[in-house]
Amino acid sequence: MLEIREIHKAFGELEVLRGVNIHVKKGEVVAVLGPSGSGKTTLLRCANFLEKADSGTLVFDGETFELNRISKKDIARIRRKTGFVFQNYNLFRNRTALENVTEGLIIGRKMPKIQAIEVGKRALEKVGLSDRCDYYPSQLSGGQQQRVAIARALAAEPEIIYFDEPTSALDPELTGEVLGVMRQLANEGMTMLVVTHEMGFAKNVSNRVIFMEHGKVVEEGNSKEFFTNPREDRTREFLRTISGQAISEG
């Protein structure tokens, strides 16, 4: 469904992505792990055209696009099939939860307001926030705000959702409620590419794990095998470093 080939991205002289190759099959949950500065977030942002890659190829739904030459029309067309959940929610502070979900449907997709409200309410119900439709972000916990952001992504009926460290700004209790929604989506067959530091989610929910460092893929494979029998020395070192986390959960 999604394939990225030989993607390169530099910021000035800093080479952040150095020929990364990944693929995600329909219905698959792929977790992207790695230390800070490994290029994980930049990879997601380039995949959804929030950053322009210097070179590389994107294959999406059987169509092939050159990332540094893709047209605005094709970008818009691909984005209509994708959702993006940001680390820090990216909600409009002066809009209610429901308005945050419906804004893109009404403005971006020209959906009639009545229909958008129906879709928005269903999306908020799906993430357990049907009773918070009229609440503003300031009236919601961080976990609830992130669930609104997930509802916003779901409302567009995407073929794939990109998650960029969706729980990194949350305390452990609120992290659990967001991961619960993501587990539910995984069980329902939603295709997801997830940059995360939640080892329990990566081990127990994702189908495959990609481990990155210094802008390259060091190792990838089946999630269970990645954690129990990593092939690369650097992967084993990384797992030893983070072994204090409760990777049995998630």
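Residue indices begin from 1 for each chain and proceed along its sequence in written order. Given that this is a predicted model, residues contribute local features only at a pLDDT of at least 70 and side-chain atom pairs are listed and counted only at 80 or more, while totals for whole chains, interfaces and linings are drawn from all residues. Excluding hydrogens and water, the side-chain figures rest on all heavy atoms present in the structure.

### Some remarks on the sheet that holds strand β5 (residues 63–66)
Phase 1: Being paired, for any two strands, means DSSP has found at least two bridges between them. Under the scheme used here, helices are H or I runs from DSSP no shorter than 4 residues and strands are E runs no shorter than 2 residues, and both carry numbers assigned from the N terminus. Pairing is antiparallel across the open sheet formed by 4 strands, whose spatial order is β2-β1-β4-β5. If you trace the sheet from one side to the other, it starts and ends with β2 (14–24) and β5, each paired once. On average, adjacent strands in this sheet sit at an angle of 20° to one another, irrespective of strand direction.
Phase 2: Of the pairings in the sheet, the one linking strand β1 (residues 2–11) to β2 comprises 8 bridges and is antiparallel in character. Opposite A10, over in β2, you have E15 as the bridge partner. Axis definition: a line fit to C-alpha positions, over the contact stretch in the case of helices; interaxial angles, taken between N-to-C directions, run 0 to 180 degrees.

### Some points on the nonpolar core
Phase 1: Nine residue types can take part in a nonpolar core, namely buried Ala, Val, Leu, Ile, Met, Phe, Trp, Tyr and Cys, and a core is a set of them joined through side-chain atoms within 4.5 Å. Three labels apply to residues, based on accessible area from a 1.4 Å probe with only protein chains included: buried if under 20% of the type maximum, exposed if over 50%, partly exposed otherwise in between. By size, the foremost hydrophobic cluster in this structure holds 39 residues, and its most contacted members are L124, V148, I150, F163, M182, L185 and M192.
Phase 2: At the level of secondary structure, the elements contributing two or more residues to this core comprise α3 (97–108), α4 (113–126), α5 (142–155), β7 (160–164), α6 (172–187) and β8 (191–195).
Phase 3: Ignoring any residue separated from it by four or fewer positions in sequence, one finds I150 in contact with V85, V127, F163, V178, V181, M182 and L185. We call two residues contacting when some pair of their heavy atoms lies within 4.5 Å.

### Brief notes about helix α2 (residues 72–79)
Phase 1: Listed as buried for α2 are D74, I75 and I78. Across the axial projection of α2, the buried residues extend over an arc of 105°, all falling on one side. For α2, the exposed residues lying more than 90 degrees away from the buried face are K72 and K73.
Phase 2: Looking at the buried residues of α2, the elements they touch are β4 (55–60), β5 and β6 (82–85). Working definition: the arc comes from the directions between the helix axis and the C-beta atoms, pointing outward to the latter.

### Structural notes on the pattern of salt bridges
Phase 1: A pair is scored as a salt bridge if a Lys or Arg side-chain nitrogen falls within 4 Å of a carboxyl oxygen belonging to Asp or Glu. This model, assessed by the stated rule, comprises 15 salt bridges.
Phase 2: Residue E63 pairs with R77 through a salt bridge whose shortest N-O separation is 2.8 Å. Residue E63 is located in strand β5, and its partner R77 is located in helix α2; the two are separated by 14 residues in the primary sequence.
Phase 3: Take E63: its relative accessible area is 31%, and that puts it in the partly exposed class.
Phase 4: Between D131 and R132 there is a salt bridge, with the nearest N and O atoms lying 2.8 Å from each other.
Phase 5: Overall, D131 belongs to the partly exposed group, its relative accessible area being 48%.
Phase 6: For R132, a relative accessible area of 22% translates into the label partly exposed.
Phase 7: Bridged by salt links that share partners, the residues E28, R208 and E220 form one connected network.

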